[in-house]
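Structure assessment
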Amino acid sequence: MKPLGISPWIPLYARILLMDIKEQLSQALDKVVDDFKQEGLISQEQKYKFNVDIPRNRQFGDFSTNLSFLMAKDLKKAPKEVASIIMDKFNRELAPAIGKIEIAPSGYLNFFANQGFVHDVIKKIETQDEAYGHTSAGNGLKVQIEFVSANPTGPLNVVSARAASVGDAMGNFMKAAGYDAFKEFYVNDAGVQARLFGESFRVRYLQLFGFENEIPENGYHGEYLIELALLAKNNSYFAEYDDPQSIPVESFSKVGLEWMLQKQKEDLSQFGVHFDCWFRETSLHADNKPLKVLEILKQRGHVFESEGAVWFRSTDFGDEKDRVLVKTDGNTTYFLNDIAYHHDKFERGFQKVIDIWGPDHHGHILRMKAAMKALGHPEDSLEILIVQQVNLLRKGEKVKMSKRAGQIETMEDLVKEVGVDAARFFFLLRGSDSHLDFDLEVAKYQTNDNPVFYVQYAHARVCSVFAKAAEKGVPILSTSQVDLNRLALVEEAEIVKILANYPDVVADAARAYEPHRVVRYLMDLATRLHQYYNQFQIIGDDVELSKSRLVLLKIVQIVLQNGLNSLGVSQPERM
RNA sequence: GCGCCCGUAGCUCAGUUGGAUAGAGCAGCGGUUUCCUAAACCGUUGGUCAGGGGUUCAAGUCCCUUCGGGCGCACCA
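Residues numbered from 1 in each chain as written. Chains lettered and ligands numbered in written order. Predicted model: local features only at pLDDT ≥ 70, side-chain atom pairs only at ≥ 80, totals over all residues. Heavy atoms only, no water.

The subject of this paragraph is the overall build of chain A. From N to C terminus, chain A includes 19 helices and 15 strands. If you line up chain A on its principal axes, its C-alpha atoms span 85 × 65 × 45 Å. Of all 575 residues assigned to chain A, the portion counted as buried reaches 52%. Put simply, of all contacts in chain A between residues at least 6 apart along the chain, 71% involve residues at least 24 apart. Accessible surface for chain A amounts to roughly 27,100 Å². Of this, 48% is attributable to carbon and sulfur atoms. Here chain A holds 67 positive side-chain charges and 79 negative ones, and the gap between their average locations is 4 Å. (Helix = DSSP H or I, 4+ residues; strand = E, 2+ residues; numbered from the N terminus. Buried < 20%, exposed > 50% of the residue type's maximum accessible area, 1.4 Å probe, protein only. Contact = heavy atoms within 4.5 Å. Areas by Shrake-Rupley, 256 points an atom, 1.4 Å probe, with all protein chains shown as cover. Lys, Arg positive; Asp, Glu negative; His and termini not counted. Charge placed at Lys NZ, Arg CZ, Asp CG, Glu CD.)

A few words on the sheet that holds strand β5 (residues 142-146). Taken together, five strands build an open sheet; the order of strands is β7-β6-β5-β11-β12 and the sheet is parallel. On the outer flanks of this sheet lie β7 (277-280) and β12 (382-386), each paired with one strand and no other. On average, each strand axis in the sheet is inclined to that of its neighbour by 25°, with strand direction left out of account. Pairing of strand β11 (residues 352-357) with β12, which is carried by five bridges, proceeds in the parallel orientation. From the neighbouring strand, V353 faces β12, where its bridge partner is L382. Relative to strand β6 (residues 180-187), helix α6 (residues 158-176) is tilted by about 155°, and along the sheet it contacts β5, β6, β11 and β12. (Pairing = 2+ DSSP bridges. Axes fitted to C-alpha atoms, helices over the stretch in contact; angles between N-to-C directions.)

The next thing to look at is the side chain of S251. Along the polypeptide, S251 turns up in helix α9 (residues 249-270). S251 gets classed as buried once you look at its relative accessible area, which sits at 18%. The contacts of S251, once residues within four sequence positions are left out, are F238 and Y241.

Here we take up the packing of aromatic side chains. Across all of its chains, the model carries 27 aromatic pairs by this definition. Summarising the aromatic geometry, the rings of F182 and F350 are spaced 5.4 Å apart at their centres and angled 40° between planes, so their arrangement reads as tilted. Within this pair, whereas F182 is found in strand β6, its partner F350 is found in the loop between α12 (334-347) and β11, the two being separated by 168 residues in sequence. On the basis of relative accessible area, F182 is assigned to the partly exposed category, the value being 24%. Among the aromatic side chains, those forming a connected cluster through ring pairs are F201, Y205, F209, F238 and F252. The ring centre of F112 lies 4.4 Å from the NZ or CZ of K100, which sits over that ring. The ring of W278 carries the charged tip of K265 above its face, separated from the ring centre by 5.0 Å. (Phe/Tyr/Trp six-rings, centres within 6.5 Å; stacked < 30°, edge-to-face > 60°. Lys NZ or Arg CZ within 6 Å of the ring centre and 35° of its normal.)

Quick look at the environment of D508 now. The topology assignment puts D508 in helix α17 (residues 502-512). On the basis of relative accessible area, D508 is assigned to the partly exposed category, the value being 32%.

The environment of RNA strand B is made up of 56 residues, and the closest members are Y108, K327, H364, Y457 and Y533. Across the atoms of RNA strand B situated within 4 Å of the protein, the share located in sugar and phosphate is 52%. Contributing elements (two or more residues each) for the surface near RNA strand B: α3 (67-75), α7 (192-207), α15 (451-472), α17 and α18 (516-535). Per element, the largest residue contribution to the surface near RNA strand B is six residues, and it comes from α18. Considering only residue class, the surface near RNA strand B consists of 17 nonpolar, 23 polar and 16 charged. (Near = heavy atom within 4 Å. Nonpolar A, V, L, I, M, F, W, Y, C, P; charged D, E, K, R; others polar.)

For the rest of this paragraph, the subject is the pairing of β12. Counting buried positions along β12 gives four out of five residues, so the element sits mostly inside the fold. As for the winding sense of the linkage, the β-α-β connection from β11 through helix α13 (residues 365-374) to β12 is right-handed. (Right-handed = clockwise from strand over helix to strand, strands pointing away.)

Looking now at the pairing of β7. Across the two faces of β7 the burial differs, with C277 and F279 buried and W278 and R280 not buried at all. Bridging between β6 and β7 involves four bridges; their strand directions are parallel. If you follow F185 over to β7, its bridge partner there is W278.

A surface patch of nonpolar side chains, about 230 Å² in accessible area, is lined by F69, L70 and Y108. By the element assignment, L70 lies in helix α3. (Patch = residues over 30% accessible without salt bridge, like charges linked within 9 Å, V, L, I, M, F, W, Y side chains within 5 Å. Salt bridge = Lys/Arg side-chain N within 4 Å of Asp/Glu carboxyl O.)

Bringing unusual backbone geometry into the picture now. Its identity as a non-glycine residue notwithstanding, D129 has a phi of 50°, on the positive side. Its place among the elements puts D129 in the loop between α5 (115-128) and β5. A positive phi angle, near 55°, is found at E307, a position not held by glycine. Here E307 lies in the loop between β8 (303-306) and β9 (309-312).

Quick look at the side chain of H516 now. Its place among the elements puts H516 in helix α18. Every residue in contact with H516, bar those within four places of it in the chain, is listed here: L428, L429, R430 and G431.

This is the structure:
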């Protein structure tokens, strides 16, 4: 891994040269605001959260700011007038990459980058290479992301797969954006469900020996337990018992859960998702964490006893009813265990905790946040995101899922059908809190209608052009060996501008917990590349021009690689 | 009944922590073309941002409300 951002040993002039143009602009504008303060035109405490945006329409410049609107009120002047004063005060030495500055009739200040900007961006991307996109936006904030966390009582389904895609990409983008991100999977290997699973497993196992037992009412009816029972029998998992009926339920639970957990780990690993920690609920109980956290809640006065149970007064925090922590049978509830787990996360030093939950848990958000508040953790230190359900389609027709028969669409089947790349990409096509229609057929198309193909092909296309260049004896050189001034087309400047924005897109995706923004970005970049390719000859008679254009393709390739890599999607050289 | 998510072009969806004339793909319409890998490319039609009210210099975006969808409301996990 290369060092993040701008390395400290680069001389000062080079740092200014390489510094993001938006950063240049922000600082120059900050200076302008300071000047206003020096002159006493606005109060010292006044702060403006102005934007430096890339306007949609090119005629509005390469960058624009709304600062004049924000200051207009305090200065009691029209925005356009304010813009004029800002322009006068604007110190151009602080923003050498800026050429022309314009005041729009509306009052916007529009900035046009000079050609040097294009060169700077190209050099920066070439230098940073696979570290391009890394920033220090997150300031090293210690963040934990917990996701998937499916019960080890069955195979992973498609919603888990979606959560895996979202959580993993988010972790990757947060790391790139300078957060200290940690990925964790909570293993629910204790409690009622674990026991029910063991009982169900036991029934399936005994059936193989001719004992006709019934699976408990709320047990697990899926066929995978029959397969597991067969496996257990054939491999003599319970060899130490002569009589199958004498095998305790606990043994079934333990063996079954470990087997399922192993299976989940393998599936996720194959999916390209790797966790920093698999946290076991049993370890929580081993340290008596639930009762310890209950004690804290008691001391803070949020607990009461009623009807033989122990309750958390969550209504104090806006919940519609109070919640049970310890049942009348003396067992702790899932809720209390989960409170203990989340409290433990903070005890481990995480400053920010992000949970990604399935749609069936969204009713629990309020009470968990209430519990964290009750424990004294800052209001926004816990963020809970919901990954919504996935509708599997086949050529527009809904794929029938019969949960009653225990048939669920498993992650394994999905990956088997469409592959890892398509699955991971499709799951990040939409915001995670909206329902996703996943068309299995479209995901397999080898055409532009398939967004994964479209983006991956952009990468393959660059590789293909490089192969052609080699064939024709045109070398792929570094920026210092070509004349970047030959990249004089508007289309080329536009592509470079998009490339320049990549670190911001990553940082924004991380800040907003919305990894799909990067997917949108990559689709946009791919579009630009395809258009450019279709319109202009990369390798032509003008060898010098060809060399320059190959450099442009090279840096496009770098960004495509960095983006796809963070998404867990491969970058094929040929398709 | 209560809570959360959603409602943007014919369809599927974007819309950058409130910013300029709301965008893309598909479908439709019109045209070009066999060129470094594609039945491809280019252009174009189409929206009262579900309806109403409010805050603001500025609202698809924030607040209230109505309608219409989805999901969740266990001493299960």
